[in-house]
Amino acid sequence: MKTSDYKIDSGKSAKLDSFPTRYEGKLTKEEGLKKLAELTERLQVLQDLLYADGRKAILVVLQAMDAAGKDSTIKKVFGPINPQGCKVASFKTPNSTELAHDFLWRIHQNVPRRGHIGVFNRSHYEDVLIVRVKELAPKDIVKKRYDHINNFEALLHDEGTHVVKFFLHISRDHQKAQLQERLDTPEKNWKFSPQDIPERLRWDDYQKAFEHVFEKCSTPEAPWYIVPAERKWFRNLLVAQVLVETLESMNLEYPKVDFDPREIKIP
């Protein structure tokens, strides 16, 4: 699998209706799950190396339409790794304190420290997505935020934090089925919000807002990947492979010690 097939090149337009929402390739589910298990083991090793190296970090951004599987992706991909070196931050509607600061204030506080993996369940992109669609800020303010975001992510990269961003891509029909399942399954009722309905009615507006984000904010330092998310096993596989490739590209190494282990005798 070539992960580059799913990456948005810098400055390129990205029409979501031209990207698949469901993997239909030659790889079988059985083969995919086997590969995912191998990648999980490799990810555990690389996380240990990232922590030991202590010079760099990785930030994973997950964005999607409602019911696309962000929580499930976090559970399946990041669940098996050491929780001491991984932190998930979920961004809801900003509170009064957060609104009293610039839109990146609450984001920067949750960026992973060196040696750690950070996962954003939603992110600073809400301020050019929901804010744009619902017109919660003047258009000229929103327009400037794309550059602010690019500069922010460039700063993180320059300081040692590698940023990778995933859009979990589903169809409108798939979302309808997932929302209906939440209504039909008592154990999942809590996942449904009546607010999901008016948000769903803005589907086309959100699609356009996401397309604008991909065009403006997929950079070499912080690329966007559009993940076909309707086959869960492939969604998890692609995210895990991008993470492994990113970590392997970071030139991590275990710290050198200032003693000869062969000369140490444990009494």
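**So, the environment of Leu59**
- Mapped onto the fold, Leu59 is located in strand β1 (residues 57–64).
- Taking the C-alpha atoms as reference points, Leu59 and Val111, 52 residues apart in sequence, are found 7.1 Å from one another.
- Setting aside chain neighbours within four positions, we find Leu59 in contact with Pro112, Gly118, Phe120, Leu156, Thr161, His162, Val163 and Val164.

**With respect to a positive patch on the surface**
- A contiguous patch of positive charge, built from Lys75, Lys76, Lys191 and Lys232, is present on the exposed surface.
- Within the element layout of this structure, Lys232 appears in helix α10 (residues 232–248).
- Here Lys232 falls in the partly exposed class, since its relative accessible area comes to 48%.

**Describing the nonpolar core**
- Grouped together as the largest cluster of nonpolar side chains are 75 residues, with contacts concentrated most on Phe78, Tyr125, Phe166, Phe214, Trp224 and Leu243.
- In terms of residues, this core owes the most to one element, α10, which gives 10 residues.
- Non-local contacts of Phe78, meaning those with residues more than four positions away in its chain, are made with Val60, Thr73, Cys86, Ile117, Val119 and Leu243.

**Observations regarding the packing of helix α1 (residues 29–53) against α10**
- Here α1 crosses α10 at 35°, and the two axes come no closer than 9 Å. In the packing of α1 onto α10, the handedness of the crossing is left-handed. Taking contact as the criterion, the partners of Lys29, Gly32, Leu33, Lys35, Leu36, Leu39, Arg42, Leu43, Leu46 and Leu50 in α1 are, on α10, Trp233, Asn236, Leu237, Ala240, Gln241, Leu243, Val244, Leu247 and Glu248.
- Looking at the contact of α1 with α10 residue by residue, the classes come out as 12 nonpolar, three polar and four charged.

**Re the pattern of salt bridges**
- Enumeration according to the criterion identifies 15 salt bridges in this entry.
- Where Arg122 meets Asp66, a salt bridge forms, and the shortest distance between an N and an O atom there is 2.8 Å. Of the two residues, Arg122 sits in the loop between β3 (117–121) and α5 (130–133) while Asp66 sits in the loop between β1 and α2 (70–78), which places them 56 residues apart along the sequence.
- By relative accessible area, Asp66 is classed as buried at 19%.

Cut-offs used in this document
Residues numbered from 1 in each chain as written. Predicted model: local features only at pLDDT ≥ 70, side-chain atom pairs only at ≥ 80, totals over all residues. Heavy atoms only, no water. Helix = DSSP H or I, 4+ residues; strand = E, 2+ residues; numbered from the N terminus. Contact = heavy atoms within 4.5 Å. Patch = residues over 30% accessible without salt bridge, like charges linked within 9 Å, V, L, I, M, F, W, Y side chains within 5 Å. Areas by Shrake-Rupley, 256 points an atom, 1.4 Å probe, with all protein chains shown as cover. Salt bridge = Lys/Arg side-chain N within 4 Å of Asp/Glu carboxyl O. Lys, Arg positive; Asp, Glu negative; His and termini not counted. Charge placed at Lys NZ, Arg CZ, Asp CG, Glu CD. Buried < 20%, exposed > 50% of the residue type's maximum accessible area, 1.4 Å probe, protein only. Core = buried A, V, L, I, M, F, W, Y, C linked by side-chain atoms within 4.5 Å. Axes fitted to C-alpha atoms, helices over the stretch in contact; angles between N-to-C directions. Left-handed = near helix turned anticlockwise from the far one by under 90°. Nonpolar A, V, L, I, M, F, W, Y, C, P; charged D, E, K, R; others polar.

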